[in-house]
Amino acid sequence: MSQDISSDVLVIGAGPAGIAAATIAAEQGLKVIVLDDNRQPGGQIWRNLSTAHHPSTSKRHPKQQALDRLYRSGAQLLTRRVVFNASASGFAEALHETATDSNVETFRFQQLILATGARERFLPFPGWTLPGVFGVGGLQALTRAGYPVAGKHIAVTGTGPLLLAVAAHLVAAGATVTTVAEQAPMLKLAPFAASLWRQPAKLVQGARYRTKLRSATYRTGCWVVKAIASPDSHTLSAIHMTDGTRTWTEPCDLLACGYYLVPNTELAQLLGCALRGSFVQTDAHQRTSILGIFCVGEPTGIAGLEAAIMQGKIAGLACAGKSTPKLLRRVMKQQVFAKNLEYAFALRQELRSLPKQDTIVCRCEDVTFAAMQAYHGWTDAKLQTRCGMGPCQGRVCGPAAEFLLGWKPPISMRQPLYPVPLRALSSPLASTSKVAINKIEGIESTKERI
Ligand SMILES: Cc1cc2nc3c(=O)[nH]c(=O)nc-3n(C[C@H](O)[C@H](O)[C@H](O)COP(=O)(O)OP(=O)(O)OC[C@H]3O[C@@H](n4cnc5c(N)ncnc54)[C@H](O)[C@@H]3O)c2cc1C
(Lines give C-alpha, C1' and ligand atoms only; values in the text may rest on other atoms or scores of the structure.)
Protein backbone atom coordinates (compact mmCIF):
# COMPACT_ATOMS: atom_id res chain seq x y z
CA MET A 1 0.00 0.00 0.00
CA SER A 2 1.37 3.46 -0.85
CA GLN A 3 0.52 6.67 1.03
CA ASP A 4 1.03 10.31 0.09
CA ILE A 5 1.83 12.82 2.87
CA SER A 6 2.56 16.57 2.49
CA SER A 7 4.49 19.05 4.62
CA ASP A 8 6.06 22.50 4.40
CA VAL A 9 9.34 21.07 5.70
CA LEU A 10 10.46 17.47 5.57
CA VAL A 11 13.42 16.56 7.80
CA ILE A 12 15.27 13.31 7.09
CA GLY A 13 17.09 12.03 10.17
CA ALA A 14 16.01 12.36 13.81
CA GLY A 15 19.42 12.67 15.41
CA PRO A 16 20.30 15.80 17.40
CA ALA A 17 20.60 17.91 14.22
CA GLY A 18 17.29 16.76 12.71
CA ILE A 19 15.40 17.09 16.01
CA ALA A 20 16.67 20.67 16.45
CA ALA A 21 15.82 21.58 12.84
CA ALA A 22 12.31 20.10 13.00
CA THR A 23 11.56 21.71 16.37
CA ILE A 24 12.59 25.20 15.33
CA ALA A 25 10.84 25.03 11.95
CA ALA A 26 7.61 23.82 13.60
CA GLU A 27 7.86 26.55 16.27
CA GLN A 28 7.88 29.04 13.38
CA GLY A 29 4.43 27.77 12.40
CA LEU A 30 5.50 25.49 9.56
CA LYS A 31 4.02 22.03 9.04
CA VAL A 32 6.96 19.73 9.69
CA ILE A 33 7.48 15.99 9.34
CA VAL A 34 10.66 14.31 10.56
CA LEU A 35 11.57 10.79 9.42
CA ASP A 36 14.10 8.34 10.82
CA ASP A 37 14.95 4.74 10.01
CA ASN A 38 15.38 3.71 13.66
CA ARG A 39 12.63 2.67 16.05
CA GLN A 40 13.46 5.56 18.37
CA PRO A 41 14.61 9.12 17.65
CA GLY A 42 18.02 10.30 18.90
CA GLY A 43 20.48 9.31 16.17
CA GLN A 44 23.85 7.85 17.15
CA ILE A 45 24.84 9.70 20.30
CA TRP A 46 21.39 9.48 21.92
CA ARG A 47 20.63 5.94 20.72
CA ASN A 48 18.75 3.85 23.32
CA LEU A 49 19.87 6.23 26.01
CA SER A 50 18.13 6.22 29.35
CA THR A 51 16.79 9.76 29.45
CA ALA A 52 15.68 10.17 33.03
CA HIS A 53 18.36 12.54 34.28
CA HIS A 54 21.62 14.04 33.20
CA PRO A 55 24.38 12.03 34.95
CA SER A 56 26.02 15.01 36.64
CA THR A 57 22.95 17.06 37.64
CA SER A 58 19.32 16.60 38.55
CA LYS A 59 18.30 18.20 35.22
CA ARG A 60 16.48 16.16 32.60
CA HIS A 61 18.82 14.58 30.09
CA PRO A 62 19.45 16.77 26.99
CA LYS A 63 17.86 14.10 24.79
CA GLN A 64 14.65 14.21 26.82
CA GLN A 65 14.68 18.01 26.78
CA ALA A 66 15.11 18.00 23.00
CA LEU A 67 12.35 15.42 22.49
CA ASP A 68 9.90 17.18 24.84
CA ARG A 69 10.41 20.39 22.90
CA LEU A 70 10.02 18.55 19.57
CA TYR A 71 6.68 17.04 20.67
CA ARG A 72 5.47 20.41 21.98
CA SER A 73 6.41 22.11 18.70
CA GLY A 74 3.78 20.15 16.78
CA ALA A 75 6.29 18.55 14.39
CA GLN A 76 5.26 15.04 13.43
CA LEU A 77 7.89 12.36 14.10
CA LEU A 78 7.69 9.17 12.05
CA THR A 79 10.24 6.46 12.86
CA ARG A 80 11.07 3.18 11.07
CA ARG A 81 11.05 5.00 7.74
CA VAL A 82 14.05 4.36 5.50
CA VAL A 83 14.24 7.07 2.86
CA PHE A 84 15.53 5.33 -0.26
CA ASN A 85 14.63 7.89 -2.89
CA ALA A 86 14.19 11.67 -3.08
CA SER A 87 13.88 14.27 -5.77
CA ALA A 88 14.53 18.01 -5.78
CA SER A 89 11.15 18.34 -7.50
CA GLY A 90 9.65 17.92 -4.01
CA PHE A 91 9.13 14.32 -2.93
CA ALA A 92 10.87 11.61 -0.93
CA GLU A 93 9.99 7.96 -0.68
CA ALA A 94 10.41 5.86 2.44
CA LEU A 95 9.98 2.20 3.17
CA HIS A 96 7.97 1.74 6.36
CA GLU A 97 8.46 -1.70 7.85
CA THR A 98 6.44 -3.03 10.75
CA ALA A 99 6.56 -6.47 12.37
CA THR A 100 3.92 -7.76 9.96
CA ASP A 101 3.98 -5.54 6.90
CA SER A 102 5.94 -3.05 4.84
CA ASN A 103 4.75 -0.25 2.61
CA VAL A 104 6.14 2.67 0.67
CA GLU A 105 5.13 6.18 1.72
CA THR A 106 5.61 9.27 -0.41
CA PHE A 107 6.36 12.54 1.35
CA ARG A 108 5.87 15.77 -0.57
CA PHE A 109 7.68 18.85 0.69
CA GLN A 110 8.20 22.51 0.00
CA GLN A 111 11.59 22.53 1.74
CA LEU A 112 13.82 19.64 2.74
CA ILE A 113 16.38 19.38 5.56
CA LEU A 114 18.87 16.53 5.30
CA ALA A 115 20.15 15.45 8.74
CA THR A 116 21.42 11.99 7.86
CA GLY A 117 24.46 11.88 10.17
CA ALA A 118 27.58 9.76 9.74
CA ARG A 119 28.71 6.17 10.07
CA GLU A 120 31.93 4.50 11.18
CA ARG A 121 34.85 3.85 8.86
CA PHE A 122 36.17 0.30 8.96
CA LEU A 123 39.57 -0.69 7.61
CA PRO A 124 39.94 -4.40 6.89
CA PHE A 125 42.81 -6.34 8.48
CA PRO A 126 43.35 -10.08 8.88
CA GLY A 127 40.72 -11.40 11.28
CA TRP A 128 38.43 -8.35 11.23
CA THR A 129 35.44 -10.54 10.32
CA LEU A 130 35.89 -12.88 13.33
CA PRO A 131 33.10 -13.15 15.90
CA GLY A 132 34.10 -10.84 18.74
CA VAL A 133 35.37 -8.03 16.50
CA PHE A 134 33.06 -4.99 16.41
CA GLY A 135 33.02 -1.42 15.24
CA VAL A 136 33.57 1.03 18.10
CA GLY A 137 30.17 2.71 17.66
CA GLY A 138 28.67 -0.67 16.78
CA LEU A 139 29.64 -2.19 20.12
CA GLN A 140 28.35 0.91 21.89
CA ALA A 141 24.99 0.59 20.11
CA LEU A 142 24.75 -3.15 20.85
CA THR A 143 25.60 -2.61 24.52
CA ARG A 144 22.88 0.02 24.79
CA ALA A 145 20.48 -2.49 23.25
CA GLY A 146 21.35 -5.03 25.97
CA TYR A 147 24.38 -6.96 24.62
CA PRO A 148 26.19 -8.13 27.76
CA VAL A 149 29.80 -6.94 28.12
CA ALA A 150 30.11 -7.17 31.92
CA GLY A 151 33.26 -9.08 32.89
CA LYS A 152 34.63 -9.06 29.31
CA HIS A 153 38.15 -7.87 28.51
CA ILE A 154 37.88 -5.42 25.63
CA ALA A 155 40.49 -3.63 23.51
CA VAL A 156 39.30 -0.36 21.93
CA THR A 157 41.35 0.70 18.92
CA GLY A 158 41.29 2.84 15.79
CA THR A 159 41.07 6.59 15.78
CA GLY A 160 39.03 9.60 16.87
CA PRO A 161 37.44 10.95 20.04
CA LEU A 162 34.83 8.18 19.87
CA LEU A 163 37.41 5.71 21.22
CA LEU A 164 37.50 7.35 24.65
CA ALA A 165 33.73 7.95 24.75
CA VAL A 166 32.96 4.31 23.94
CA ALA A 167 35.69 2.88 26.18
CA ALA A 168 34.23 4.88 29.11
CA HIS A 169 30.76 3.62 28.18
CA LEU A 170 31.97 -0.01 28.16
CA VAL A 171 33.58 0.40 31.60
CA ALA A 172 30.29 1.84 32.90
CA ALA A 173 28.58 -1.28 31.50
CA GLY A 174 30.88 -3.50 33.59
CA ALA A 175 33.58 -4.40 31.05
CA THR A 176 37.33 -4.22 31.64
CA VAL A 177 38.89 -2.09 28.93
CA THR A 178 42.41 -3.42 28.66
CA THR A 179 43.79 -1.01 26.04
CA VAL A 180 42.73 2.12 24.23
CA ALA A 181 44.98 2.35 21.16
CA GLU A 182 44.82 5.52 19.06
CA GLN A 183 46.59 5.37 15.68
CA ALA A 184 47.29 9.13 15.61
CA PRO A 185 50.73 10.08 16.96
CA MET A 186 51.12 12.20 20.09
CA LEU A 187 52.80 14.81 17.89
CA LYS A 188 49.39 15.55 16.31
CA LEU A 189 47.24 14.90 19.37
CA ALA A 190 49.09 17.28 21.69
CA PRO A 191 48.33 20.48 19.70
CA PHE A 192 44.71 19.30 19.32
CA ALA A 193 44.37 18.79 23.07
CA ALA A 194 45.96 22.22 23.66
CA SER A 195 43.47 23.86 21.27
CA LEU A 196 40.59 22.64 23.46
CA TRP A 197 41.09 25.46 25.96
CA ARG A 198 38.62 27.32 23.74
CA GLN A 199 36.05 24.55 24.41
CA PRO A 200 36.14 23.99 28.18
CA ALA A 201 33.13 21.62 28.08
CA LYS A 202 35.05 19.26 25.80
CA LEU A 203 38.11 19.40 28.06
CA VAL A 204 35.98 18.48 31.05
CA GLN A 205 34.37 15.63 29.11
CA GLY A 206 37.80 14.31 28.03
CA ALA A 207 39.05 14.45 31.62
CA ARG A 208 35.96 12.53 32.79
CA TYR A 209 36.63 9.77 30.26
CA ARG A 210 40.28 9.49 31.30
CA THR A 211 39.27 9.20 34.97
CA LYS A 212 36.88 6.36 34.15
CA LEU A 213 39.62 4.67 32.14
CA ARG A 214 42.43 4.98 34.68
CA SER A 215 42.99 1.18 34.75
CA ALA A 216 43.24 0.90 30.93
CA THR A 217 46.50 1.40 29.03
CA TYR A 218 46.18 4.40 26.69
CA ARG A 219 48.56 4.30 23.75
CA THR A 220 49.00 6.67 20.86
CA GLY A 221 50.67 5.89 17.55
CA CYS A 222 49.73 2.23 17.52
CA TRP A 223 47.13 0.06 15.84
CA VAL A 224 45.81 -3.49 15.40
CA VAL A 225 47.30 -5.56 12.58
CA LYS A 226 45.63 -8.91 13.20
CA ALA A 227 42.81 -10.49 15.19
CA ILE A 228 43.46 -14.06 16.32
CA ALA A 229 40.79 -16.73 16.90
CA SER A 230 40.92 -19.29 19.66
CA PRO A 231 41.39 -22.76 18.06
CA ASP A 232 38.42 -24.24 20.01
CA SER A 233 35.73 -21.59 19.71
CA HIS A 234 36.84 -19.82 16.51
CA THR A 235 36.02 -16.53 18.19
CA LEU A 236 38.42 -13.72 19.03
CA SER A 237 41.04 -14.49 21.69
CA ALA A 238 43.87 -12.00 21.06
CA ILE A 239 45.09 -9.18 18.84
CA HIS A 240 48.42 -8.29 17.33
CA MET A 241 49.28 -4.64 17.79
CA THR A 242 52.08 -2.57 16.33
CA ASP A 243 53.60 0.87 16.75
CA GLY A 244 55.29 0.58 13.36
CA THR A 245 58.56 -0.74 14.74
CA ARG A 246 57.60 -3.62 17.03
CA THR A 247 54.58 -5.94 17.17
CA TRP A 248 53.13 -7.58 20.27
CA THR A 249 50.16 -9.74 21.26
CA GLU A 250 47.41 -8.77 23.67
CA PRO A 251 44.72 -11.19 24.84
CA CYS A 252 41.10 -9.93 24.79
CA ASP A 253 37.53 -11.25 24.59
CA LEU A 254 36.26 -8.47 22.34
CA LEU A 255 37.79 -5.89 20.04
CA ALA A 256 36.10 -2.58 19.20
CA CYS A 257 37.86 -1.05 16.21
CA GLY A 258 36.81 1.94 14.11
CA TYR A 259 38.59 4.58 12.08
CA TYR A 260 36.68 7.80 12.63
CA LEU A 261 33.50 8.69 10.77
CA VAL A 262 32.27 8.87 7.18
CA PRO A 263 29.47 11.37 6.41
CA ASN A 264 26.21 9.97 5.02
CA THR A 265 26.03 12.10 1.88
CA GLU A 266 24.29 9.62 -0.44
CA LEU A 267 20.85 11.21 -0.20
CA ALA A 268 22.29 14.68 -0.81
CA GLN A 269 24.17 13.33 -3.84
CA LEU A 270 21.03 11.67 -5.17
CA LEU A 271 19.30 15.05 -4.95
CA GLY A 272 22.17 16.65 -6.87
CA CYS A 273 23.60 18.73 -3.99
CA ALA A 274 27.21 19.80 -4.57
CA LEU A 275 29.93 18.36 -2.33
CA ARG A 276 32.98 20.12 -0.90
CA GLY A 277 35.53 17.32 -0.53
CA SER A 278 33.73 14.46 1.22
CA PHE A 279 31.05 16.71 2.73
CA VAL A 280 27.87 18.39 1.53
CA GLN A 281 28.55 22.00 0.59
CA THR A 282 26.41 24.47 2.52
CA ASP A 283 26.39 28.22 3.09
CA ALA A 284 26.15 29.93 6.50
CA HIS A 285 22.38 29.25 6.56
CA GLN A 286 22.91 25.52 5.87
CA ARG A 287 21.55 25.93 2.32
CA THR A 288 22.91 23.40 -0.16
CA SER A 289 23.53 24.16 -3.81
CA ILE A 290 19.90 23.13 -4.55
CA LEU A 291 17.20 25.69 -3.82
CA GLY A 292 14.98 24.68 -0.89
CA ILE A 293 17.29 21.88 0.30
CA PHE A 294 19.28 22.30 3.52
CA CYS A 295 21.82 20.00 5.14
CA VAL A 296 22.80 19.90 8.81
CA GLY A 297 25.01 17.90 11.18
CA GLU A 298 27.65 15.35 10.24
CA PRO A 299 27.11 15.27 6.43
CA THR A 300 28.43 18.85 6.35
CA GLY A 301 31.52 18.13 8.50
CA ILE A 302 32.34 16.02 11.57
CA ALA A 303 32.11 18.63 14.31
CA GLY A 304 30.26 16.93 17.18
CA LEU A 305 26.97 17.27 19.00
CA GLU A 306 26.88 21.02 19.68
CA ALA A 307 27.61 21.92 16.07
CA ALA A 308 24.94 19.48 14.84
CA ILE A 309 22.30 21.06 17.10
CA MET A 310 23.26 24.63 16.18
CA GLN A 311 23.19 23.85 12.46
CA GLY A 312 19.78 22.25 12.91
CA LYS A 313 18.47 25.40 14.57
CA ILE A 314 19.92 27.61 11.83
CA ALA A 315 18.27 25.52 9.10
CA GLY A 316 14.93 25.43 10.97
CA LEU A 317 14.96 29.22 11.16
CA ALA A 318 16.13 29.60 7.56
CA CYS A 319 13.12 27.57 6.38
CA ALA A 320 10.97 30.37 7.86
CA GLY A 321 13.19 33.03 6.28
CA LYS A 322 14.89 33.96 9.59
CA SER A 323 18.37 33.84 11.09
CA THR A 324 20.28 34.76 14.26
CA PRO A 325 23.82 36.18 13.97
CA LYS A 326 24.73 34.72 17.40
CA LEU A 327 24.13 31.15 16.22
CA LEU A 328 25.99 31.78 12.98
CA ARG A 329 29.05 32.96 14.93
CA ARG A 330 28.95 29.95 17.25
CA VAL A 331 28.81 27.52 14.33
CA MET A 332 31.86 29.16 12.78
CA LYS A 333 33.78 28.45 16.00
CA GLN A 334 32.75 24.79 15.79
CA GLN A 335 34.01 24.63 12.22
CA VAL A 336 37.51 25.43 13.45
CA PHE A 337 37.14 22.55 15.91
CA ALA A 338 36.09 20.25 13.01
CA LYS A 339 39.21 21.20 11.02
CA ASN A 340 41.43 20.53 14.04
CA LEU A 341 39.76 17.13 14.52
CA GLU A 342 40.30 16.22 10.89
CA TYR A 343 43.99 17.08 11.06
CA ALA A 344 44.66 15.42 14.42
CA PHE A 345 42.98 12.12 13.55
CA ALA A 346 44.03 11.84 9.89
CA LEU A 347 44.76 8.24 8.96
CA ARG A 348 48.46 7.32 8.82
CA GLN A 349 49.88 5.88 5.61
CA GLU A 350 50.97 2.60 7.26
CA LEU A 351 47.29 1.62 7.58
CA ARG A 352 47.17 1.15 3.81
CA SER A 353 49.08 -2.10 4.23
CA LEU A 354 46.66 -3.52 6.83
CA PRO A 355 44.86 -6.00 4.53
CA LYS A 356 46.70 -9.04 3.16
CA GLN A 357 45.90 -10.52 -0.25
CA ASP A 358 43.26 -12.90 1.15
CA THR A 359 41.64 -10.37 3.54
CA ILE A 360 37.96 -9.87 2.76
CA VAL A 361 37.25 -6.20 2.00
CA CYS A 362 33.60 -6.42 0.85
CA ARG A 363 31.91 -8.48 3.54
CA CYS A 364 28.53 -8.60 1.83
CA GLU A 365 29.92 -10.23 -1.31
CA ASP A 366 33.06 -11.91 0.12
CA VAL A 367 35.46 -10.01 -2.15
CA THR A 368 39.12 -10.16 -1.15
CA PHE A 369 41.70 -7.39 -1.31
CA ALA A 370 43.57 -9.29 -4.09
CA ALA A 371 40.38 -9.54 -6.18
CA MET A 372 39.77 -5.80 -5.87
CA GLN A 373 43.39 -4.83 -6.55
CA ALA A 374 43.12 -6.43 -9.99
CA TYR A 375 40.97 -3.45 -11.12
CA HIS A 376 41.64 0.23 -11.62
CA GLY A 377 38.60 1.78 -10.04
CA TRP A 378 35.39 1.31 -8.16
CA THR A 379 33.05 0.88 -11.14
CA ASP A 380 35.32 -1.68 -12.84
CA ALA A 381 35.77 -3.70 -9.67
CA LYS A 382 32.08 -3.51 -8.89
CA LEU A 383 31.05 -4.87 -12.28
CA GLN A 384 33.59 -7.70 -12.21
CA THR A 385 33.55 -8.74 -8.55
CA ARG A 386 30.19 -7.46 -7.20
CA CYS A 387 32.04 -5.56 -4.44
CA GLY A 388 29.74 -2.90 -3.01
CA MET A 389 26.63 -4.55 -4.46
CA GLY A 390 25.42 -6.31 -1.31
CA PRO A 391 22.95 -5.17 1.33
CA CYS A 392 25.19 -2.33 2.62
CA GLN A 393 25.55 -0.98 -0.94
CA GLY A 394 29.22 -0.12 -0.46
CA ARG A 395 28.75 1.85 2.76
CA VAL A 396 31.40 -0.28 4.48
CA CYS A 397 33.81 -1.30 1.69
CA GLY A 398 33.49 1.97 -0.29
CA PRO A 399 35.30 4.21 2.24
CA ALA A 400 37.82 1.40 2.87
CA ALA A 401 38.58 1.13 -0.87
CA GLU A 402 38.88 4.90 -1.08
CA PHE A 403 41.58 4.92 1.60
CA LEU A 404 43.36 1.68 0.64
CA LEU A 405 43.25 1.97 -3.14
CA GLY A 406 42.56 5.66 -3.72
CA TRP A 407 39.29 4.85 -5.55
CA LYS A 408 36.91 7.79 -5.62
CA PRO A 409 33.31 6.77 -4.97
CA PRO A 410 30.89 7.58 -7.82
CA ILE A 411 29.55 11.14 -7.55
CA SER A 412 26.19 10.32 -9.07
CA MET A 413 23.83 8.15 -7.06
CA ARG A 414 20.90 6.06 -8.17
CA GLN A 415 17.84 5.15 -6.21
CA PRO A 416 17.08 2.96 -4.33
CA LEU A 417 19.76 3.94 -1.84
CA TYR A 418 18.86 1.00 0.39
CA PRO A 419 17.65 -2.50 -0.46
CA VAL A 420 13.88 -2.39 -0.85
CA PRO A 421 11.37 -4.97 -2.09
CA LEU A 422 10.89 -4.96 -5.86
CA ARG A 423 7.34 -3.73 -5.49
CA ALA A 424 8.64 -0.52 -3.92
CA LEU A 425 9.88 0.41 -7.36
CA SER A 426 6.40 0.09 -8.81
CA SER A 427 5.39 3.27 -6.97
CA PRO A 428 4.37 5.81 -9.65
CA LEU A 429 7.08 8.29 -8.61
CA ALA A 430 9.99 5.88 -8.48
CA SER A 431 12.07 5.82 -11.62
CA THR A 432 11.91 2.19 -12.66
CA SER A 433 15.00 2.26 -14.80
CA LYS A 434 16.36 -1.05 -15.92
CA VAL A 435 19.56 -0.41 -14.01
CA ALA A 436 17.69 0.16 -10.77
CA ILE A 437 15.72 -3.03 -11.18
CA ASN A 438 18.87 -5.00 -11.97
CA LYS A 439 20.41 -3.61 -8.82
CA ILE A 440 17.52 -4.85 -6.72
CA GLU A 441 17.46 -8.22 -8.40
CA GLY A 442 21.17 -8.50 -7.65
CA ILE A 443 20.52 -7.89 -3.98
CA GLU A 444 17.69 -10.38 -3.80
CA SER A 445 19.68 -13.08 -5.58
CA THR A 446 22.57 -12.39 -3.21
CA LYS A 447 20.29 -12.88 -0.25
CA GLU A 448 19.21 -16.23 -1.67
CA ARG A 449 22.83 -17.29 -2.12
CA ILE A 450 23.62 -16.47 1.51
C1 LIG B 1 28.30 5.01 15.43
C2 LIG B 1 28.45 6.38 16.06
C3 LIG B 1 28.50 6.50 17.45
C4 LIG B 1 28.66 7.76 18.04
N5 LIG B 1 28.77 7.85 19.41
C6 LIG B 1 29.06 9.05 19.97
C7 LIG B 1 29.28 9.19 21.39
O8 LIG B 1 29.22 8.23 22.13
N9 LIG B 1 29.58 10.43 21.88
C10 LIG B 1 29.70 11.51 21.07
O11 LIG B 1 29.98 12.61 21.55
N12 LIG B 1 29.46 11.42 19.74
C13 LIG B 1 29.18 10.23 19.17
N14 LIG B 1 29.01 10.14 17.82
C15 LIG B 1 29.05 11.36 17.02
C16 LIG B 1 27.64 12.01 17.08
O17 LIG B 1 26.75 11.16 16.44
C18 LIG B 1 27.61 13.37 16.46
O19 LIG B 1 28.50 14.20 17.10
C20 LIG B 1 26.27 14.10 16.42
O21 LIG B 1 25.51 13.75 17.50
C22 LIG B 1 25.63 13.86 15.11
O23 LIG B 1 24.29 14.26 15.07
P24 LIG B 1 23.50 14.19 13.69
O25 LIG B 1 22.09 14.53 13.99
O26 LIG B 1 24.22 14.96 12.66
O27 LIG B 1 23.61 12.67 13.19
P28 LIG B 1 23.08 11.30 13.79
O29 LIG B 1 23.02 11.32 15.24
O30 LIG B 1 23.90 10.25 13.13
O31 LIG B 1 21.57 11.19 13.24
C32 LIG B 1 21.26 10.92 11.90
C33 LIG B 1 19.98 10.12 11.86
O34 LIG B 1 19.52 10.03 10.50
C35 LIG B 1 19.08 8.71 10.26
N36 LIG B 1 19.14 8.48 8.80
C37 LIG B 1 20.23 8.55 8.00
N38 LIG B 1 19.88 8.28 6.72
C39 LIG B 1 18.54 8.04 6.72
C40 LIG B 1 17.61 7.68 5.70
N41 LIG B 1 17.97 7.53 4.42
N42 LIG B 1 16.31 7.48 6.05
C43 LIG B 1 15.92 7.64 7.35
N44 LIG B 1 16.76 7.97 8.35
C45 LIG B 1 18.06 8.17 8.04
C46 LIG B 1 20.09 7.87 11.05
O47 LIG B 1 19.64 6.56 11.28
C48 LIG B 1 20.19 8.68 12.33
O49 LIG B 1 19.19 8.32 13.25
C50 LIG B 1 28.80 8.90 17.22
C51 LIG B 1 28.72 8.78 15.83
C52 LIG B 1 28.55 7.53 15.25
C53 LIG B 1 28.48 7.40 13.74
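A. The sheet that holds strand S11 (residues 217–220), seen in detail. The 5 strands lie next to each other as S8-S15-S9-S10-S11, forming an open sheet whose pairing is parallel. This sheet does not close on itself; its edge strands, each paired only once, are strand S8 (133–134) and S11.

B. How the structure looks around the pattern of salt bridges. Counted under the stated rule, the structure contains 11 salt bridges. A salt bridge links Arg386 to Glu365; the shortest N-O distance between them is 3.1 Å. With Arg386 in the loop between helix H11 (378–385) and helix H12 (397–405) and Glu365 in the loop between strand S20 (360–362) and strand S21 (367–368), this pair connects stretches of sequence that are 21 residues apart. Residue Arg386 is classed as partly exposed on the basis of its relative accessible area, which comes to 22%. Glu365 sits in the buried class, given a relative accessible area of 9%.

C. Structural view of the side chain of Thr23. Here Thr23 lies in helix H1 (residues 16–27). Setting aside its immediate chain neighbours within four residues, Thr23 contacts Ala66, Arg69, Leu70 and Ser73.

D. Focus on the side chain of Ser87. Counting through the fold element by element, Ser87 comes out in strand S4 (residues 81–87). Judged by relative accessible area, which is 19%, Ser87 ranks as buried. A distance of 2.7 Å separates the side chain of Ser87 from the side chain of Ser89, its partner in a polar contact. With residues up to four places along the chain from it excluded, the contact list for Ser87 reads Phe109 and Leu271.

E. Examining the sheet that holds strand S13 (residues 236–242) more closely. Reading across the sheet, the 3 strands line up as S12-S13-S14 and stay open at both edges, with antiparallel pairing between neighbours. Only two strands of the sheet have a single partner each, and these edge strands are strand S12 (223–229) and strand S14 (247–251). Taken pair by pair, the neighbouring strands of this sheet meet at an average axis angle of 25°, ignoring direction.

F. Structural detail: the state of the cysteines. All told, the structure shown has 0 disulfides when counted by the stated rule. Among the cysteines around Cys319, which has no disulfide bond, Cys295 carries the closest sulfur, lying 12 Å off.

G. The arrangement of the site of the ligand in detail. Taken together, 29 residues surround the ligand, and among them Ala17, Asp36, Asp37, Gln140 and Glu298 come closest. Here an oxygen atom of the ligand sits 2.5 Å away from a polar atom, N or O, in the side chain of Asp37. Note that an oxygen atom of the ligand is positioned 3.3 Å from one of the backbone N or O atoms of Leu305. Listing elements by their share of the shell around the ligand, those giving two or more residues are H1, S4, strand S7 (118–120), helix H3 (136–144) and helix H8 (305–319). The leading source of residues in the shell around the ligand is S4, at 3 residues. Among the residues making up the shell around the ligand, the classes are represented as 13 nonpolar, 11 polar and 5 charged. Looking at the shell around the ligand, you find at least three residues from each of domain 1 (2–118 + 262–323) and domain 2 (122–259).

H. Quick peek at helix H9 (residues 325–344). The end-to-end C-alpha separation of H9 is 29 Å, in line with the 28 Å expected for 20 residues at 1.5 Å each. Where H9 is buried, its residues touch helix H5 (186–195), helix H6 (200–212) and H8.

Rules used throughout
- Residues numbered from 1 in each chain as written.
- Predicted model: local features only at pLDDT ≥ 70, side-chain atom pairs only at ≥ 80, totals over all residues.
- Heavy atoms only, no water.
- Pairing = 2+ DSSP bridges.
- Helix = DSSP H or I, 4+ residues; strand = E, 2+ residues; numbered from the N terminus.
- Salt bridge = Lys/Arg side-chain N within 4 Å of Asp/Glu carboxyl O.
- Buried < 20%, exposed > 50% of the residue type's maximum accessible area, 1.4 Å probe, protein only.
- Contact = heavy atoms within 4.5 Å.
- Polar contact = N/O pair within 3.5 Å; in protein donor to acceptor, adjacent residues only side chain to side chain.
- Axes fitted to C-alpha atoms, helices over the stretch in contact; angles between N-to-C directions.
- Disulfide = S-S within 2.5 Å.
- Near = heavy atom within 4 Å.
- Nonpolar A, V, L, I, M, F, W, Y, C, P; charged D, E, K, R; others polar.
- Domains from an automatic or database assignment.
- Expected span 1.5 Å × (residues − 1).

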